[in-house]
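The chain contents come next:
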Amino acid sequence: MAEYPLPDFEAKFATLDTLAARVAQLPRPRVFTNGCFDILHRGHVTYLAQARALGAALIVGVNSDASVRRQNKGADRPINPLAHRMAVLAALASVSLVVAFDDDTPFTLIETIQPDVLVKGGDWALENIVGSRETLARGGSVHSIPFLYATSTTATLTRIRETS
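Please read all numbers here as calculations on a predicted model, not as lab measurements. Per chain, residues are indexed from 1 in the order of the written sequence. Only residues with pLDDT of 70 or above have their local features reported here, since the model is predicted, and side-chain atom pairs are shown and tallied only from 80 upward, although totals for entire chains, interfaces and linings are computed over all residues. Hydrogen atoms and water are omitted, and side-chain values are computed over all heavy atoms in the structure.

**Examining the pattern of salt bridges**
Piece 1. Whenever a carboxyl oxygen of Asp or Glu lies within 4 Å of a side-chain nitrogen of Lys or Arg, that contact is scored as a salt bridge. Taken as a whole and assessed by the stated rule, the structure comprises four salt bridges.
Piece 2. Close ionic contact of Arg77 with Asp38 constitutes a salt bridge, the shortest N to O distance being 2.7 Å. Taken together, the residues span a long stretch of sequence, with Arg77 in the loop between helix H3 (65–70) and helix H4 (82–90) and Asp38 in the loop between strand E2 (30–35) and helix H2 (42–52) at a distance of 39 residues. There is no split in this pair, since Arg77 and Asp38 are both buried.
Piece 3. The residue Asp65 makes a salt bridge to Arg85 at a minimum N-O spacing of 2.7 Å. Within this pair, whereas Asp65 is found in helix H3, its partner Arg85 is found in helix H4, the two being separated by 20 residues in sequence.
Piece 4. The class of Asp65 is partly exposed, set by a relative accessible area of 22%.
Piece 5. Think of it in three bands: with a 1.4 Å probe and only protein chains considered, a residue is buried below 20% of the maximum accessible area for its type, exposed above 50%, and partly exposed in between. According to the relative accessible area criterion, Arg85 is buried, its value standing at 2%. Secondary structure counts use DSSP, requiring at least four H or I residues in a row for a helix and at least two E residues in a row for a strand, with both numbered from the N terminus.

Written out as structure tokens, the structure is:
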């Protein structure tokens, strides 16, 4: 019987303790984005591919379960626990490194990573993106990538609940 090896998703995981050393190994320019990424959909995958196209490496900060709950996304969120969300993101070719954070914002991650490019989705004004001032002051760039698809985890969950 054939064996089917399991992918090593954790090879792309970093912790706050290992983050600086792992980032230093990545090629430049380094791109950073963050989010909950609860139920990964076409909009997420397209957005992450577009973010990666802005540099040689993409680092994704993922809100912890507690952080997602504090984002007022609903008492039942996240649907998928942090370990699952991180593994799905790590499976994407566009993603170089995945790190979880428990704060309400990724500011500490951004200060540690010091990305060359900072990216958020199209619903964010550049001046409201956490870490934008610091990234620009270091000579980096900040982008708000427009949404191409009318998809959202919240809308998907609403449709599921309405048909149940």
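Following the structure, the description resumes.
**A closer look at the side chain of Thr33**
Piece 1. Here Thr33 is to be found in strand E2.
Piece 2. The definition of a polar contact used here is a pair of N or O atoms within 3.5 Å, where within protein one atom must be able to donate a hydrogen and the other to accept one, and adjacent residues in sequence count solely through side-chain atom pairs. A distance of 2.3 Å separates a polar atom in the side chain of Thr33 from a polar atom in the side chain of Tyr47.
Piece 3. Here Thr33 is in contact with Tyr47, Leu48, Leu58, Ile59, Val60, Gly61, Val119 and Lys120, once residues within four sequence places are set aside. Between two residues, a contact is recorded if the distance between any of their heavy atoms is within 4.5 Å.

**Structural notes on the environment of Leu19**
Piece 1. By the element assignment, Leu19 lies in helix H1 (residues 19–24).
Piece 2. Accessibility expressed as a relative area gives 0% for Leu19, which makes it buried.
Piece 3. A C-alpha to C-alpha distance of 24 Å links Leu19 and Arg69, two positions 50 residues apart in sequence.
Piece 4. When sequence neighbours within four positions are dropped, the list of residues in contact with Leu19 reads Ala14, Leu97, Val99, Leu109, Thr112 and Ile113.

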